[in-house]
Amino acid sequence: MWTESPPFAKRCAIMTKTTNSPNSYRNQPDERGHFGEFGGRYVAETLMPLILDLEKHYRAAQSDPAFAEEFDDLLANYVGRPSPLYYAEGLTEEVRKDAPEGKGAQIWFKRDELNHTGAHKINNCIGQILLAKRMGKTRIIAETGAGQHGVATATVCARFGFPCTIFMGATDIERQKPNIFRMRLLGAEVVPVTSGSATLKDAMNEALRHWVAHVHDTFYIIGTAAGPHPYPELVRDFQSVIGKEARAQMLERIDRLPDLLVAAIGGGSNAIGLFHPFLDDPEVKMLGVEAAGHGLDKEHAASLAGGGPGILHGNKTYLLQDEDGQIDEAHSISAGLDYPGIGPEHSWLKESGRVDYDSVTDIEALDAFQLLCRTEGIIPALEPSHAIAAVTREAVKMDREQIILANLCGRGDKDIFTVAEALGTEI
Amino acid sequence: MTRLSQSFPADRAALVAFVTGGDPTPADTGTILDALVEGGADIIELGMPFTDPMADGPSIQEANIRSLNAGTKTADILTIATEFRERHPNTPLVLMGYANPMTIRGPEWFADACVAAGVDGVICVDIPVEEDDSLGDALRAKEVAVIRLATPTTDAKRLPSILNNASGFLYYVSVAGITGLQQAAQASIEEAVARLKAGTDLPVAVGFGVRTPEQAADISRVADGVVVGSAIVEIIGKYGKDAGPHVRDYVKSLSDAIRSAR
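Residues numbered from 1 in each chain as written. Chains lettered and ligands numbered in written order. Predicted model: local features only at pLDDT ≥ 70, side-chain atom pairs only at ≥ 80, totals over all residues. Heavy atoms only, no water.

**Considering the interface of chain A and chain B**
Line of reasoning, step 1. In this complex, chain A contributes 36 residues to the contact, which on the side of chain B involves 35 residues.
Line of reasoning, step 2. The three residues of chain A that bury the most area against chain B are Glu45, Arg209 and Asp324 of chain A, which together make up 25% of that side's buried surface.
Line of reasoning, step 3. Connecting chain A to chain B are 23 residue pairs in polar contact (both at pLDDT 80 or more).
Line of reasoning, step 4. Those elements giving two or more residues to the side of chain A that touches chain B turn out to be β2 (38-42), α2 (48-62), α9 (200-212) and β11 (308-312) of chain A.
Line of reasoning, step 5. Residue contributions to the side of chain A that touches chain B peak at seven residues, all from α9 of chain A.
Line of reasoning, step 6. Classifying every residue of the side of chain A that touches chain B by side-chain character gives 15 nonpolar, 11 polar and 10 charged. (Contact = heavy atoms within 4.5 Å. Buried area = accessible area lost by both parts, 1.4 Å probe. Polar contact = N/O pair within 3.5 Å; in protein donor to acceptor, adjacent residues only side chain to side chain. Helix = DSSP H or I, 4+ residues; strand = E, 2+ residues; numbered from the N terminus. Nonpolar A, V, L, I, M, F, W, Y, C, P; charged D, E, K, R; others polar.)

Here it is as structure tokens:
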């Protein structure tokens, strides 16, 4: 029924060719890992040889048909790809009730919440664990915010027989208990991180500290399209299966591309995965949705809207920070968006003007969460609830024949406790 | 630069002492720096506090938090350096820290600020040679030393790129890890220093995990400098505002050991 996306090797060949037209948005980063002025390799000297080695192995993997074959096979038969492309008729009709005459775009979803483990995170973990195996590493570490990346990492570690250590902020552990239990069931060790604000950024600091002391045998599976080069590139490449499939499915189903893509952004891996294959389709507009938390004038997690360029966690990108470059604490009801930075390619796409970025508050996301439950029978994660809020906002401004495609990047089972608390309900 | 190159005596190793600026408060750091000099430190490493010190172990992480909680700003660090320079015209002072606080106002601004404050060199933990243009060019243009780090993972193929454009001294991070936790075996330090010295005329200082006078003495027999940080910072953590005399006595024990080692 759906057109299969091209095999991994071919996708990589498209993404890494250096002879793209000067107008292409798909030929980043440069050989130093820079997306314009963003990205790069801002790590301690101890880690430099390791990330150079990772890059070398990634280049070899990109040109190895066996790597592509194993990746594609696991995505198809273990993850359950391709994920469906779904026309959300119930939500579309609901939005049209409040829309002006002739307005109310069709809303479509890429159903990445139906993946094994319930989110898009697994796509990247499959790719990175295959790289770890290729490099002869014997143990895996990862950071996690909401716990989705931790669960996905623990999953692939169980599948491939790697010992797994997950660093997670103590604050996040408190609000994501079901995922802690999942990770432990899968055999992972979960290390609570109490330094700083005890959330995702601190978990990443601690993972980096651990990595620097275990460089010889340890592979660090970074969960978002950020960190030192080549991570932003390789995470994007692994996640681009989302956009590749969606593009082919749209053409197959209705023989046209969407008018607008929408995705939520914490670090930005689901968004870049959806956007990247469409970047050179000028008729397709794109909207990344940051978490505005309590509001952009209060505590939030919108680095593009409320931050400025700086250097953290191995890359130069937009950060929430003060005038001295001290990193501010982020806030979002969604633990997966609660990060004071963003992947460097998004910083570049913002400055280049190719992608628009907007933000959605905790309250708006909670409303969208409930709206999708009621109109579609889908309980979304709080992360894509931000995207859904933005979709409803945009749909009423667009004509009825226009098409919005949003990435439903995670399911909401993990968030029901947070949502119940926010709604004042006891479970 | 002159102050830095003159601070490595021919007949013994130099003692390089690190503290986090503004710990426990900006007003206390001057006294603590004076105690380092009185105790016999040859070079002062003044840490710029950062919210996310990714290469540091618990002791220096806590020092960063104490400093930031006391309200330390970059302006305070520069004031501390300026006042130190007035009191100690001949003791070199280098700033050590992370890329973001150093580059947030632009590398040229930071280089000018270093010159104005009498800072002799800069050690930036998370700007490797691959990203040198983010800061190194601006510092060199103002003759502020760009002090590079070499580690156990820096192989022979990579070493020349690190030594290229390095100045002041070469800082050998003797363990693959974060500050203050493990200590390297003496044999591995000797081997590494010999390898590094074969590639450069810069003095080689060895740090990470050095705590006791005996360790300092052992390292001083093979290297041009010994760096001690976490152990001093822990004394400040313990005694706070009253740390001065304790810091001085501890640094003197290191200094005495180094002076009688060769």
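**Digging into the confidence of the model for chain B**
Do not read the fine detail of predicted coordinates wherever pLDDT is low.
Line of reasoning, step 1. Taken over all residues, the pLDDT of chain B has a mean of 95, while the share at 70 or more is 100%.
Line of reasoning, step 2. Overall fold confidence (pTM) sits at 0.94, and the ipTM for the predicted complex is 0.96. (pLDDT = per-residue confidence, 0-100.)

**Points about the sheet that holds strand β7 (residues 189-193) of chain A**
Hydrogen bonds between backbone atoms are what pair the strands of a sheet, whose relative direction is either parallel or antiparallel.
Residues and elements named next belong to chain A.
Line of reasoning, step 1. If you trace the four strands from one edge of the open sheet to the other, you get β7-β6-β5-β8, paired in parallel fashion. Looking along the sheet, the strands with just one partner apiece sit at the ends: β7 and β8 (218-220). Strand-to-strand twist of the sheet, defined as the mean angle between neighbouring strand axes without regard to direction, takes the value 25°.
Line of reasoning, step 2. Bridge count for strand β5 (residues 139-144) against strand β6 (residues 164-169) is five bridges, and the pairing is parallel. Within β6, the residue paired with alanine 142 across the bridge is isoleucine 166. (Pairing = 2+ DSSP bridges. Axes fitted to C-alpha atoms, helices over the stretch in contact; angles between N-to-C directions.)

**A word on the environment of isoleucine 403 of chain A**
Residues and elements named next belong to chain A.
Line of reasoning, step 1. Turning to its location among the elements, isoleucine 403 is positioned in strand β14 (residues 403-407).
Line of reasoning, step 2. With relative accessibility at 2%, the residue isoleucine 403 sits in the buried group.
Line of reasoning, step 3. Apart from the residues lying within four places of it in its own chain, the contact partners of isoleucine 403 are Gln106, Trp108, Met250, Ile254, Arg256, Pro258, Asp259, Leu260 and Met398. (Buried < 20%, exposed > 50% of the residue type's maximum accessible area, 1.4 Å probe, protein only.)

**A few points about the packing of helix α6 (residues 148-160) of chain A against helix α8 (residues 177-185) of chain A**
Residue and element names in this part refer to chain A.
Line of reasoning, step 1. The interhelical angle for the contact between α6 and α8, taken along N-to-C directions, is 10°, at an axis separation of 9 Å. Judged by the inter-axis angle, α6 sits roughly parallel to α8. Judged by residue contacts, Gln148, Gly150, Val151 and Ala154 of α6 engage Asn179, Arg182 and Met183 from α8.
Line of reasoning, step 2. Residues of the contact of α6 with α8, tallied by class, amount to three nonpolar, three polar and one charged. (Parallel < 35°, antiparallel > 145°, perpendicular 65-115°, else oblique.)

**Quick word on the state of the cysteines**
Residue and element names in this part refer to chain A.
Line of reasoning, step 1. A complete count under the given rule lists zero disulfides over all chains for this structure.
Line of reasoning, step 2. The thiol sulfur of cysteine 157 is not disulfide-bonded, and the nearest other cysteine sulfur, from cysteine 164, lies at 3.7 Å.
Line of reasoning, step 3. Between cysteine 409, a cysteine without a disulfide, and cysteine 125, which holds the nearest cysteine sulfur, the sulfur-to-sulfur distance is 14 Å. (Disulfide = S-S within 2.5 Å.)

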